[in-house]
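Structural overview for review
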Amino acid sequence: MPIYYDTMDLSADEKLKFALGALTLGMITGILFYDSDLAGIILAACCGMSFPRYRQAQREKKKGQLLIQFRDLLYSISSSVSSGRNVAGALEESVDFWKATYEETDYIMQELRYMNGRIREGGEKDLDVLRDFAQRSGLEDVSDFVSVYESCRHSGGNLPLAINRATSVIGDKITLERELKTMMAQKAFESRIVALAPFAIILLLRVMSPEYLEPMTTTGEGRIITTFALGLMAVSLIMMERINRIEI
């Protein structure tokens, strides 16, 4: 079945992982800051409201994996076309070429088998199959490659040369994107460590001097201040995540 990467749903394991994470975070926050199981349940429900953001993050992660795999596919297509094969033959040859590197469950292998099946059994043109892949993937680099291939076919240009140059440019761009995202992932990890610092401080105070925090959990004014502080922490974390998100 075709995969639509911009709208793909999460697996049951991914949903369970999110639910357990939201419940754990909510309960820890409720107990640490409010000394209340009820507050933990309420906060867990609030954490559950971030599911759309989590789902989108997982989709982007999977698209990132597909992009790296597509970069590798470009090199095998370029090699096959340079040796005299057409693009349809290059796609079929890529299955055997990459099956030792990728698992059958990897997205690029699923896509190769799906595209080759449509070309071989459905009699569809390789350009139409690639254009459909570009649309379903939602990846600009895939669309750029398809555009180069389409232009070259319609203009009667040197196909091996055009694909080699497109592969070089697109491959370098994908590599640069990967390096930048790796650096930003490190910064995002550091920001999350900073966000966890207040939890560590509250835990230390609860262990070392629990009476110091008693007014914050037993009085209305203390709960209001605590809620306000948690709100500021949530806003700061969201702002840090947005700062660390770079679109290339």
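Residues numbered from 1 in each chain as written. Predicted model: local features only at pLDDT ≥ 70, side-chain atom pairs only at ≥ 80, totals over all residues. Heavy atoms only, no water.

**Quick look at the nonpolar core**
Generally speaking, a soluble globular protein has its nonpolar side chains buried in company with each other. Heads up, the rule is: In plain words, nonpolar cores are sets of buried Ala, Val, Leu, Ile, Met, Phe, Trp, Tyr and Cys residues tied together by side-chain atoms within 4.5 Å. Burial status follows relative accessibility: with a 1.4 Å probe on protein chains alone, a residue under 20% of its type maximum counts as buried, one over 50% as exposed, and anything between as partly exposed. Each helix is a run of DSSP H or I of at least 4 residues and each strand a run of E of at least 2, with the numbering of both proceeding from the N terminus. Residues count as neighbours in contact if any of their non-hydrogen atoms are within 4.5 Å of one another.
With 39 residues, the main nonpolar core has Phe-70, Ile-77, Val-87, Leu-91, Leu-130 and Phe-145 as its most contacted residues. Secondary-structure elements contributing two or more residues to this core are helix 3 (51–82), helix 4 (87–98), helix 5 (107–120), helix 6 (126–137), helix 7 (140–155) and helix 8 (159–208). Those residues within four positions of Leu-130 in sequence are excluded, and the remaining contacts are Val-87, Leu-91, Met-115, Phe-145, Val-146 and Tyr-149. With nine residues, the next largest nonpolar core counts Leu-32, Ala-39, Phe-199 and Leu-213 among its residues.

**Digging into helix 4**
How we decide: Helix span is expected to be 1.5 Å times the residue number reduced by one.
Here helix 4 spans 16 Å end to end across 12 residues, near enough to the 16 Å set by a 1.5 Å rise per residue. For helix 4, the full list of buried residues reads Val-87, Gly-89, Ala-90, Leu-91, Ser-94, Val-95 and Trp-98. Taken together, the buried residues of helix 4 touch helix 3, helix 5, helix 6, helix 7 and helix 8.

**Some details on the environment of Gln-69**
Rules: A 3.5 Å cut-off defines polar contacts: any pair of N or O atoms within that distance qualifies, except that in protein one atom must be a possible hydrogen donor and the other a possible acceptor, and neighbouring residues in sequence count only when both atoms are side-chain atoms.
Structurally, Gln-69 is set in helix 3. Classification of Gln-69 by relative accessible area gives buried; the value is 8%. Along the sequence, Gln-69 and Ile-108 sit 39 residues apart, while their C-alpha atoms lie 6.0 Å from each other. Apart from residues no more than four positions distant in its own chain, Gln-69 is found in contact with Tyr-102, Asp-106, Tyr-107 and Ile-108. Only 3.5 Å separates the side chain of Gln-69 from the backbone nitrogen of Tyr-107, close enough to count as a polar contact.

**A closer look at the layout of surface pockets**
Filter applied, for reference: Here a cavity is any set of points on a 1 Å grid over the protein atoms alone where a 1.4 Å probe fits but cannot get out, and a pocket is any open set with protein on both sides within 12 Å along at least 5 of 7 lines; a residue lines the site when it has an atom within 4 Å of a point. Grid points are joined across faces, edges and corners, and a volume is the space filled by probe spheres set on the points. Residues are grouped as follows: Ala, Val, Leu, Ile, Met, Phe, Trp, Tyr, Cys and Pro are nonpolar; Asp, Glu, Lys and Arg are charged; all remaining types, including Gly, are polar.
Roughly 170 Å³ of volume is contained in the second largest pocket. Together, Leu-32, Phe-33, Ile-202, Arg-206, Leu-213, Met-216, Thr-217, Ile-225, Thr-226 and Ala-229 line the second largest pocket. Mapped onto the lining of the second largest pocket, the elements with two or more residues apiece are helix 1 (12–34), helix 8, helix 9 (214–218) and helix 10 (220–243). A total of three residues in the lining of the second largest pocket trace back to one element, the largest contributor, which is helix 10. Residues that form the lining of the second largest pocket fall into these classes: seven nonpolar, two polar and one charged.

**Considerations on helix 7**
How we decide: This arc describes the spread of directions from the helix axis toward the C-beta atoms.
Given a rise of 1.5 Å per residue, 16 residues ought to cover 22 Å, and the 22 Å separating the end C-alpha atoms of helix 7 matches this to within 8%. Within helix 7, the full set of buried residues consists of Asp-141, Val-142, Phe-145, Val-146, Tyr-149 and Cys-152. What you see down the axis of helix 7 is that its buried residues fit within an arc of 140 degrees, all on one side. Away from its buried face, by an angle of more than 90 degrees, helix 7 presents the exposed residues Glu-140, His-154 and Ser-155.

**Some words on the pattern of salt bridges**
Our working rule: For salt bridges, the criterion is a side-chain nitrogen of Lys or Arg within 4 Å of an Asp or Glu carboxyl oxygen.
Tallying each qualifying case throughout the model produces 16 salt bridges. We note a salt bridge from Arg-118 to Asp-132, for which the minimum N-O separation is 2.8 Å. Of this pair, Arg-118 sits in helix 5 while Asp-132 sits in helix 6, and the two are 14 residues apart along the sequence. One network of salt bridges, with partners in common, ties together Glu-111, Arg-118, Glu-124, Asp-132 and Arg-136.

**Things to note about the side chain of Ser-94**
Note that Ser-94 resides in helix 4. Given a relative accessible area of 1%, Ser-94 falls into the buried group. A distance of 3.1 Å separates a polar atom in the side chain of Ser-94 from a polar atom in the side chain of Ser-76. A polar contact is formed between the side chain of Ser-94 and the backbone oxygen of Ala-90, at a distance of 2.7 Å. Not counting residues up to four positions away in its chain, the partners in contact with Ser-94 are Leu-73, Ser-76, Ile-77 and Leu-112.

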